Amino acid sequence: MDPIDCTPPEYILPGSRERPLCPLQPQNRDWKPLQCLKVLTMSGWNPPPGNRKMHGDLMYLFVITAEDRQVSITASTRGFYLNQSTAYHFNPKPASPRFLSHSLVELLNQISPTFKKNFAVLQKKRVQRHPFERIATPFQVYSWTAPQAEHAMDCVRAEDAYTSRLGYEEHIPGQTRDWNEELQTTRELPRKNLPERLLRERAIFKVHSDFTAAATRGAMAVIDGNVMAINPSEETKMQMFIWNNIFFSLGFDVRDHYKDFGGDVAAYVAPANDLNGVRTYNAVDVEGLYTLGTVVVDYRGYRVTAQSIIPGILERDQEQSVIYGSIDFGKTVVSHPRYLELLERTSRPLKILRHRVLNDRDEEVELCSSVECKGIIGNDGRHYILDLLRTFPPDLNFLPVPGERLPEECTRAGFPRTHRHKLCCLRQELVDAFVEHRYLLFMKLAALQLMQQKASKMENSTSLENGSPPSLESKSEDPLGPEGSEEEGGSASGLAKVKELAETIASDDGTAGHVSTADPRSREVIRNACKAVGSISSTAFDVRFNPDIFSPGVRFPESCQEEVRDQKQLLKDAAAFLLSCQIPGLVKDCTDHVVLPMDGATLSEVMRQRGINMRYLGKVLDLVLRSPARDQLDHIYKIGIGELITRSAKHIFKTYLQGVELSGLSAAISHFLNCFLSSYPNPVAHLPADELVSKKRNRRRRNRPPGAADNTAWAVMTPQELWKNICQEAKNYFDFTLECESVDQAVETYGLQKITLLREISLKTGIQILLKEYSFDSRHKPAFTEEDVLNIFPVVKHVNPKASDAFHFFQSGQAKVQQGFLKEGCELINEALNLFNNVYGAMHVEICACLRLLARLHYIMGDYAEALSNQQKAVLMSERVMGIEHPNTIQEYMHLALYCFASSQLSTALSLLYRARYLTLLVFGEDHPEMALLDNNIGLVLHGVMEYDLSLRFLENALAVSTKYHGPKSLKVALSHHLVARVYESKAEFRSALQHEKDGYTIYKTQLGEDHEKTKESSEYLKCLTQQAVALQRTMNEIYRNGSSANIPPLKFTAPSMASVLEQLNVINGILFIPLSQKDLENLKAEVARRHQLQEASRNRDKAEEPMATEPEPAGAPEDAASQPQAAKDPPSPSLQG
């Protein structure tokens, strides 16, 4: 084996405290851009005069070649040729020689040897790069660091920026795009079969990504003051703008619209809620119901909402246009039969109750949405809905209502709390989880009552008295009551009976007039269960919410009082469900390492998937602190605290930036970062030089960016004041008490890293900083200067249209793989990949997931080259669409390293693992459960290349981290002990090896028992180690006795084989190969198929029993290899953990 250099850089070794920033984007210092031409620009002699036009002249170009030759070129209908014009003298006649060419490149090749040479090299280089490095991503991803770039002169770029492009789109010169028409027409495309749906989804996705790009550019132009307002006479906060057929409004409370809801704070939140509503209605996708294209852009402290324009809305008053809903939060309310019909179709998937409210004339009006939701018929005859900010029911934990008591779970946790605005609503994920939870409860209650009926029949006693429904609480504690005594089959059949019965009754209901097939007692059972879970129907399970309950200003008719009371109770139950089920569920998943967030974004994602809003972050952290497994949740606590601090800082930064003039932007941002992160005690802000701030201009200039008072209040901020505000904000917003008065105290108390805080705040606010090493801890000079702030980017929220068919294929593929049908799974996922490519183009997060799974499948099926190729694409794509240091990208690096090692590319595998470790250190730090896996990987590869001392450093760190996060008795820790023991054995340090293997053996013995295969393996290895240790001792004694003349048998030291290292790598990465014979395979497939049918029959059967879908603890759980028939001669058949 050729020696390879395995030395990792100093800063990624375990225990290193330094976190450099420069390696994040490695720079090639010797690289110089190739210059082909000095200048290529439109000539000042354009456009051609009439007489030259009639000679076929189209335009004139001016070129300075790399050799400093200045030439003027005519582009004519016959080709390109040199003319005799100079900078000051127009002479369109051909020069001699004129070099007439069909292509401009050919002409330049003839007149400039440097161009000829360099342009060829440039093209060759471009072709050599992977296409994924060049293809544009559908939505722009900004990097929070950038190297210092030379700003070279480029006339073409300058022309691009300032020609008539502003306000127009690239594709259609001379006309703006009608965004609304494009967005709505794509929705109207047919969708009866797969090709039609693909075409439709591709069109929708394309228009959305174009609209998002245009809206983002427009929003930046609006805030930078480059767009004229449509109401320029009003004060800046109230101005509205139209640019490129998009309507822009600012997130301020105009005309006291949100006065009762929290003023400007509510106006800031409303667009995000509205966007969630648009996203939801788009996902339901009802034919004939239209929403506006909506993008929310946060830029320089302002929130801008960009919307497509309903045809005709600008010509008429809002009062005339609205034919459904209310424009004054429920005083005047109108309805429309066509809207009711369209919205009725969305009410089931969105769990919205059709209800009646009173208008100001005390008439009943029927609605199927919240009152704020307005219906407007555009001039194009389409039915639009807008203002969807209350699509989901209110969150009562943050909406104190006088005279209403919340359930005990809420009051115990200190709710209800007054929030800054009254627009807090529950997330869609929470509503879905709550309804799902209620459905299970409904099934269990009905099953229980059926059982009781059956029991009473058997005793021939009087029929069961079905009085008031049992209270929910007593039931939910003992869900299946007496049924527990029956065997599991009984419970399953009970639930199956309920399902059948519910369907029968529902179908009876549908076909009124028929003789009922269900007996009255069974109907009674269903009715009771329905009542107990708050279903709106008494014959079938149907839980829906009335979004107008607790809306200030909305009144309900007398006849609906009972329904309103039930709805209020349902909302209280949902608020309690969030606190009693979802948050503890999240903490449990984190303790069991089902989810492994690594930074603020991944933690937010995990919370949102469970329907927990970010305002509950303080509650989540409280629960983590009180958890019995507090140590195993250390990483969650650190991420949570970091997220809490940076979110509070973001809230302060937003207001801080609004008071900054454009000329003082970089000074203000660097001053804020110094106060936030630098240990320098009193940073001073550099105000822009006075001579640049004109005194006269200020009085005249009306078109200033909104809210920009030319003040320098930002310059007086101090670190003490900022941190005091952060702690106050954390208390007020998240109800969490931070114990720190400065950044150094925060770092000390909570074990945070300044570089991590810098990354989080930059990503949240759109700051881009210079890539260099910052000395945060210096007390002599501030960490940031104004030169270090390179840019500020918009943070954009938008709708993400989905490729539904591709997603279904992907899910079926995953299911097949789980059942062990790898080939079929692979085909389905390949199909999904094609469909994703069809809809999204080449770059997308979901394509990335597809490629990763494909790579894993190919690896398991033994096709390493294919696995490597797919995984490399996944890495490139993840870097482009997620960011170069996103936790997903780190995961992709680890998978790629494994496949590289399997393909014998050892040095590449090590470089990738080192890179993954560096990024993990930067994003979180060393103390993370994922670090144990990374270090085990690095240690194993180093062991394979016989770098024993280095290998031990990583493996022992992995052992320490595993012990902390999985507990000293876990199987992962046993495996870690074994890996360390193997390295000590290779070093011939048998005492240490024996010690570690004994620890591992003890864990296996207590966890799995004497007879388990893992325990036996460990015991064998212990014997082998003992023999080697004895042999070594004998040899040593021999040497002592006989000196140099001793007759020494050669000692056998085992260098590990690559195969054994790869086997261990597979085990720790959760890939198990279980040897099975062909016959066993047939039996297994039949068994899996049989179980699959059983599952279809009763969905609540446990999936974990399927042998092929063993999802083993990577350390080898008790069910895996031991329960499989071994037949080592036969080819190994793989199983995987996904």
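Residues numbered from 1 in each chain as written. Predicted model: local features only at pLDDT ≥ 70, side-chain atom pairs only at ≥ 80, totals over all residues. Heavy atoms only, no water.

Enquirer: How do you make sense of the pairing of strand β3 (residues 70-76) when you look at a structure like this?
Expert: Within a regular strand, side chains alternate between the sheet's two faces. Of all 7 residues in β3, 6 are buried, a share of seventy percent or more. Bridge count for strand β2 (residues 57-65) against β3 is 7 bridges, and the pairing is antiparallel. Bridge assignment links M59 to a residue of β3, and that residue is A75. Hairpin connection from β2 to β3: 4 residues lie between these consecutive antiparallel strands, with D68 at a positive phi of about 70°. (Buried < 20%, exposed > 50% of the residue type's maximum accessible area, 1.4 Å probe, protein only. Helix = DSSP H or I, 4+ residues; strand = E, 2+ residues; numbered from the N terminus. Pairing = 2+ DSSP bridges.)

Enquirer: So what exactly am I meant to see when it comes to unusual backbone geometry here?
Expert: Apart from glycine, the bulk of residues carry a negative phi angle, and the bulk of peptide bonds sit in the trans form. Geometrically, the link from S96 to P97 is a cis peptide bond, its omega value of -5° lying close to zero. A cis geometry characterises the amide bond from F415 onward to P416, with omega recorded as 0°. Examined against the element boundaries, P416 turns out to sit in the loop between α11 (408-412) and α12 (428-458). Positive phi, normally seen in glycine, also occurs at R300, with a value near 55°. Residue placement: R300 occurs in the loop between β9 (294-299) and β10 (302-308).

Enquirer: What am I meant to see in the packing of helix α33 (residues 971-986) against helix α35 (residues 1013-1042) here?
Expert: In a packed pair of helices, the relevant descriptors are the angle between the two axes and the axis-to-axis distance. Relative orientation of the contacting elements α33 and α35 amounts to 20°, with a least axis distance of 12 Å. In terms of axis orientation, α33 runs roughly parallel to α35. Handedness of the α33/α35 crossing: left-handed. For the pair formed by α33 and α35, the contact residues are H978, A981, R982 and E985 on the first element and Y1021, L1025 and Q1028 on the second. A per-class count over the contact of α33 with α35 returns 3 nonpolar, 2 polar and 2 charged. (Axes fitted to C-alpha atoms, helices over the stretch in contact; angles between N-to-C directions. Parallel < 35°, antiparallel > 145°, perpendicular 65-115°, else oblique. Left-handed = near helix turned anticlockwise from the far one by under 90°. Contact = heavy atoms within 4.5 Å. Nonpolar A, V, L, I, M, F, W, Y, C, P; charged D, E, K, R; others polar.)

Enquirer: Would you take a moment to explain empty space enclosed by the protein for this structure?
Expert: It is a probe the size of a water molecule, rolled over the atoms, that shows where empty space is left. A complete count under the given rule lists 10 cavities of 30 Å³ or more for this structure. Looking at the lining of the largest cavity, the elements with two or more residues in it are α19 (634-658) and α24 (754-765). Ranked by the residues each element gives to the lining of the largest cavity, the list is headed by α19, at 4 residues. Grouping the constituent residues of the lining of the largest cavity by class yields 6 nonpolar, 5 polar and 4 charged. Roughly 100 Å³ of volume is contained in the second largest cavity. Taken together, 13 residues line the second largest cavity, and the ones lying closest to its centre are L183, R187, H208, N282 and T291. Looking at the lining of the second largest cavity, the element that brings in the most residues is helix α6 (residues 179-187), giving 4 residues. Here the lining of the second largest cavity is composed, by residue class, of 5 nonpolar, 7 polar and 1 charged. (1 Å grid on protein atoms, 1.4 Å probe; cavity = no way out; pocket = protein on both sides within 12 Å on 5 of 7 lines; lining within 4 Å. Points joined across faces, edges and corners; volume = space filled by probe spheres on them.)

Enquirer: When you look at the layout of surface pockets in this model, what are you seeing that I'm missing?
Expert: Taken as a whole, the second largest pocket holds about 1600 Å³ of empty space. Taken together, 38 residues make up the lining of the second largest pocket; nearest its centre are W31, K32, P33, A149 and E150. Counting only elements with at least two residues in the lining of the second largest pocket, the list comes to β1 (37-42), α4 (131-134), α5 (155-162) and α28 (864-881). In terms of residue class, the lining of the second largest pocket is made up of 22 nonpolar, 5 polar and 11 charged.

Enquirer: When you look at the sheet that holds β2 in this model, what are you seeing that I'm missing?
Expert: With antiparallel pairing, the 4 strands of this open sheet are ordered in space as β1-β2-β3-β4. A strand with exactly one partner marks an edge of an open sheet, and here the two such strands are β1 and β4 (79-83). Each strand axis lies, on average, 25° off the axis of its neighbour in the sheet, ignoring direction. Two strands pair when backbone bridges link them, and β1 and β2 are joined in this way by 5 bridges, in the antiparallel orientation. Opposite L40, over in β2, you have V63 as the bridge partner. Packed onto the sheet, helix α2 (residues 104-111) meets β1, β2, β3 and β4 and runs at close to 35° relative to β4.

Enquirer: Honestly, the packing of aromatic side chains in this entry has me stumped. Any pointers?
Expert: Aromatic ring pairs are described here by two measures, namely the spacing of the ring centres and the angle between the planes. Counted according to the given criterion, the structure contains 34 aromatic pairs. On the numbers, 6.3 Å between centres and 25° between planes, the contact of Y439 with F442 is stacked. With a gap of 3 residues between them, Y439 and F442 both fall in helix α12, about one helical turn apart. Assessed through its relative accessible area of 1%, F442 is described here as buried. Plain terms: the ring middles of Y859 and Y899 are 4.9 Å apart, the flat faces sit at 35° to each other, and that makes the pair tilted. Taken together, the residues Y859 in helix α27 (residues 845-860) and Y899 in helix α29 (residues 887-902) connect sequence positions 40 residues apart. For Y899, a relative accessible area of 1% puts it in the buried group. Through successive ring pairs, a cluster of aromatic residues spans F139, F205, F810, F836 and Y840. The ring of Y268 has R303 lying over it, and the distance from NZ or CZ to the ring centre is 4.0 Å. (Phe/Tyr/Trp six-rings, centres within 6.5 Å; stacked < 30°, edge-to-face > 60°. Lys NZ or Arg CZ within 6 Å of the ring centre and 35° of its normal.)

Enquirer: What is the right way to read the nonpolar core from this model?
Expert: In a soluble, globular protein the nonpolar side chains are often hidden away together inside. Counting 270 residues, the largest nonpolar core has F676 and L738 as the members making the most contacts within it. When residues in this core are grouped by element, the largest group, 13 residues, is from helix α16 (residues 561-591). Discounting chain neighbours no more than four positions away, the residues touching F676 are I645, T646, A649, L722, W723, I726, V743, L757 and I761. Of all hydrophobic cores here, the second largest spans 12 residues; its members include V63, V71, L82 and L107. (Core = buried A, V, L, I, M, F, W, Y, C linked by side-chain atoms within 4.5 Å.)

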